[in-house]
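Okay, here's what each chain looks like letter by letter:
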Amino acid sequence: MSDAHNTLKFDTGWQYAPAPESTDHVRIDKKYGLFINGKFTAPSQGKYFTTSNPATQERLSRIAIAGKSDVNRAVKAARKAYENVWSKMPARERAKYIFRIARGLQERAREFSVIETMDGGKPIRESRDVDIPLAAAHFFYYAGWADKLEYAFPGAGVKSLGVAGQIVPWNFPLLMAAWKIAPALACGNTVVLKPAETTSLTALKLAELIQDIGLPPGVVNIVTGAGATGAALVDHPDVNKIAFTGSTAVGRSIMHSIAGTEKKYTLELGGKAANIIFADAPVDQAVEGVVNAIFFNQGHVCCAGSRLLVQESVADELIHKLKERMHTLILGNPLDKNTDIGAINSRAQLDKINSYLKIGKNEGGNMFQAPCTLPSKGYWCPPTIFTDMAQSNRLVQEEIFGPVLAIQTFRTAAEAVTKANNTPYGLSGGVWTDKGSKIFKVTSALKAGVVWANTFNKFDPTSPFGGYKESGIGREGGAHGLSAYLAMEVNHGR
Amino acid sequence: MAQKRKRLPNLDRVNPVDETGVNERVARFCTRSIKNDSKHTALKLVLSMIDLTTLEGQDTPGKVKQLCQKAIHLHDNLPGLPTVAAVCVYPNMVGIAKQALMGYGINVASVATAFPSGMSSRDIKLEETRNAVADGADEIDMVISRGAFLAGEYAYVFDEIAAVKEACGKAHLKVILETGELVTLDRVKKASVLAIQAGADFIKTSTGKIQPAATMQVTLIMLQTIREHYYATGEKVGMKPAGGISTSKLAIHYLVMLRETLGDEWMTPDLFRFGASSLANDVLMQLQRQADGLYQSPDYFSKD
């Protein structure tokens, strides 16, 4: 069966008519200020940048650029709210506010989903079914912890830290904001959050929601801008904790700037995860797992399964099935409910991905792309796989952050584990086999923070997430995620 | 083409199935949003794929004749409708159905082989099959011996299917796995491989007499098995989910699954059927709504 190569036809018959999600109900202001001390305020230097829809290149809004003095105002507001209100409030009352944010997100889920898709380019199917519900789930989950912190760390004498500076990336804008804000607030800290430059809108909508639910002013502040704004936040002397999700290069510079200070930090950085498929795996489900691993959110996922290690005896069959499956992926208008693959987040990211496609071809990789028509406007990259890749190739070693999969084969489990671990990263991984004992053996040998068995890219607020090596430091999510926002009077080695 | 198969496969080497992954894939098919023209096309395609079925102890010649009329005249208020693919009856009603459908291009399908349990001797099953074909059945829907299959007597089941296939002569053979009694998806896959290798023209989920009948999960496994056979040999085996598909919405989910698993060439009554009794009227109701924008009372559609 392994050299079976008859192919199916997918583009000659019945097709799905456009089914776009309506945008009528969505309100996006022409201009957004900085959310400081419970109010939207103009940036001190009066500068704004444009945010646009990467699928159409149409301008959506203008967003304030926060300078040093603005960041200072935000941190001061957060400090004041911490000293006077939030740290003194009974934990049970804090929880009520966090629950309210969660319910607010659920009530306005459709609006948030549509804006997330317009601003970031991801398919509405994903923002509707993954990003927004999970963001709400994180607030619900951490709201529940707020008055039970002593039980999470018995006898440790937990205390809040103070002001947390948080910087989130563009791939899951609202969800990453939720990952950061929810545990910080539950643990009694106040927050200054900087969303990513290309995707600030849902964070600003969250600011509106926070106003609506009556969170005390200054508890959550949102400052927008590019790298300089983030650097001002990281360098601010009155910030007690930095939480960053983004590239390894920026993570490294953050570590430099906070070295020698007492700031606590968590860094969630890049990845180059391997999906390992053994010959005894459920192949059809594994194909689906590969699709979810690398084409989910156009591969703009730090824990994406961007490498595939497949045991040689099933490699032909699996790759054939994967190519056939790629024929059925629908690329196009991210607001269409049937779209599987949306737009690349920005011109810069598309250029980066395209440069890696060239590198892969020069390295002798065999490229296959899903045969889809790319829209004339916007930034697009068809789902792409490279077969015949080798461990020494840059396509195998470097994070691309796009819908590009590098495929290698292996013979023994030991070889697979060696190859899987042989990158500077260690964020996630996947193992596919029908044999339970093999799952335990191989997953324990992988040096990665999250390892999935017979599935991929599954997230839950109760589960910790974070990396080894250059993939970062610290854990977010679950009870582990609390410790990143708490000081322990008695250190039990946590 | 069935002659090329007829080799007992090694079912221990059939690739395993992960149920969680199957559920996820099915859920994803169900999120496809089918609207306007594509819905219209789908609804008509569904009608043309229906095996309009009556399999009751209380079936009468009159009831079968009326069902055949329904098969021909689905809803004459709506012009341009297709007919259903076949009328499916018990063997003793084959002659009546054959006569009623003469000249309309609608097949007569007969269940056989001691339907629905299959609890009889092979001779009787073969005799019943031959009789049904002699009476004019174009298609035979047989049941496998689930007892033997569950006991691991694969060769017995294989030989039985092959023998029935031979007894069918020119009639097409649909092999009912009765997935509700096989319970696990791994067994559904093995039974599908077995039936295809033994010569099935179609594989079919259920008799409709056992719950659960067709589900999208078992249908997906069977479609994937058909796909593997096609990849390996280029032969196209048909698929028939039966029982429990009574709404247009669900039927369209099945079509989405069919299209994304086996592609355009399977989107035909020659290779895909719905075994259903009440599905047709729900589809007609949707088509009527598309035509005049209103949902009509069920009493505007004939119940046969």
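All figures in this text were calculated on a predicted structure; none of them were measured in a lab. (Residues numbered from 1 in each chain as written. Chains lettered and ligands numbered in written order. Predicted model: local features only at pLDDT ≥ 70, side-chain atom pairs only at ≥ 80, totals over all residues. Heavy atoms only, no water.)

### A word on the overall build of chain B
- Scanning chain B for helices and strands turns up 12 helices and eight strands.
- Scaling as 2.2 N^0.38, a compact globule of 304 residues should have a C-alpha radius of gyration of about 19 Å, and chain B matches this with 19 Å.
- Every one of the 304 residues in chain B was classed for burial, and the buried ones make up 59%.
- For chain B, long-range pairs separated by at least 24 residues make up 77% of all intrachain contacts whose partners lie at least 6 apart in sequence.
- With the model as given, the accessible surface of chain B reaches about 11,700 Å², and the carbon-plus-sulfur share is 49%.
- Mean positive and mean negative side-chain charge positions of chain B (35 and 34 charges, respectively) differ by 3 Å. (Helix = DSSP H or I, 4+ residues; strand = E, 2+ residues; numbered from the N terminus. Rg over C-alpha atoms; globule rule 2.2 N^0.38 Å. Buried < 20%, exposed > 50% of the residue type's maximum accessible area, 1.4 Å probe, protein only. Contact = heavy atoms within 4.5 Å. Areas by Shrake-Rupley, 256 points an atom, 1.4 Å probe, with all protein chains shown as cover. Lys, Arg positive; Asp, Glu negative; His and termini not counted. Charge placed at Lys NZ, Arg CZ, Asp CG, Glu CD.)

### Notes on the sheet that holds strand S5 (residues 59–64) of chain A
Residue and element names in this part refer to chain A.
- Pairing is mixed across the open sheet formed by three strands, whose spatial order is S1-S5-S4. Edge strands, defined here as strands with exactly one partner in the open sheet, are strand S1 (31–32) and strand S4 (48–52).
- Note: S1 against S5, two bridges, orientation parallel. Bridge assignment links Lys31 to a residue of S5, and that residue is Arg62. (Pairing = 2+ DSSP bridges.)

### Looking at the interface of chain A and chain B
- Taken together, the contact between chain A and chain B spans 43 residues of the former and 38 residues of the latter.
- Approximately 3,500 Å² of surface area, both sides summed, lies buried where chain A meets chain B, with 48% of it carried by carbon and sulfur atoms.
- Viewed at the interface, chain B and chain A are joined by eight salt bridges.
- Residue Asp284 of chain A pairs with Arg227 of chain B through a salt bridge whose shortest N-O separation is 2.9 Å.
- Along the contact surface separating chain A from chain B lie 27 residue pairs in polar contact (both at pLDDT 80 or more). (Buried area = accessible area lost by both parts, 1.4 Å probe. Salt bridge = Lys/Arg side-chain N within 4 Å of Asp/Glu carboxyl O. Polar contact = N/O pair within 3.5 Å; in protein donor to acceptor, adjacent residues only side chain to side chain.)

### With respect to the side chain of Ser428 of chain A
Residues and elements named next belong to chain A.
- Inspection of the secondary structure puts Ser428 in strand S17 (residues 428–432).
- A polar side-chain atom of Ser428 sits 2.9 Å from the main-chain carbonyl oxygen of Cys303.
- The contact partners of Ser428, leaving out residues within four places of it in the chain, are Ala273, Ala274, Cys303, Ala448, Val450, Trp452 and Phe456.

### Quick word on the domain arrangement of chain A
Residue and element names in this part refer to chain A.
- Looking at chain A, the domain boundaries give domain 1 (31–269 + 469–488) and domain 2 (274–453).
- Domain 1 and domain 2 are separated by 30 Å when their C-alpha centres are compared.
- With 28 residues of domain 1 at the contact, the number on the domain 2 side is 31 residues.
- Carbon and sulfur atoms supply 56% of the area that domain 1 and domain 2 bury against each other, a total of about 2,500 Å² over both sides. (Domains from an automatic or database assignment.)

### Brief notes about empty space enclosed by the protein
- Enumeration according to the criterion identifies seven cavities of 30 Å³ or more in this entry.
- Considered as a void within the structure, the largest cavity measures approximately 140 Å³ in volume.
- As for the largest cavity, its lining consists of 15 residues, of which Glu288 and Arg325 of chain A together with Arg25, Gln224 and Arg227 of chain B are closest to the centre.
- Every element with two or more residues in the lining of the largest cavity is listed here: helix H10 (283–294) and helix H11 (312–327) of chain A together with helix H1 (19–30), helix H10 (216–233) and helix H11 (248–262) of chain B.
- Grouping the constituent residues of the lining of the largest cavity by class yields four nonpolar, four polar and seven charged. (1 Å grid on protein atoms, 1.4 Å probe; cavity = no way out; pocket = protein on both sides within 12 Å on 5 of 7 lines; lining within 4 Å. Points joined across faces, edges and corners; volume = space filled by probe spheres on them. Nonpolar A, V, L, I, M, F, W, Y, C, P; charged D, E, K, R; others polar.)

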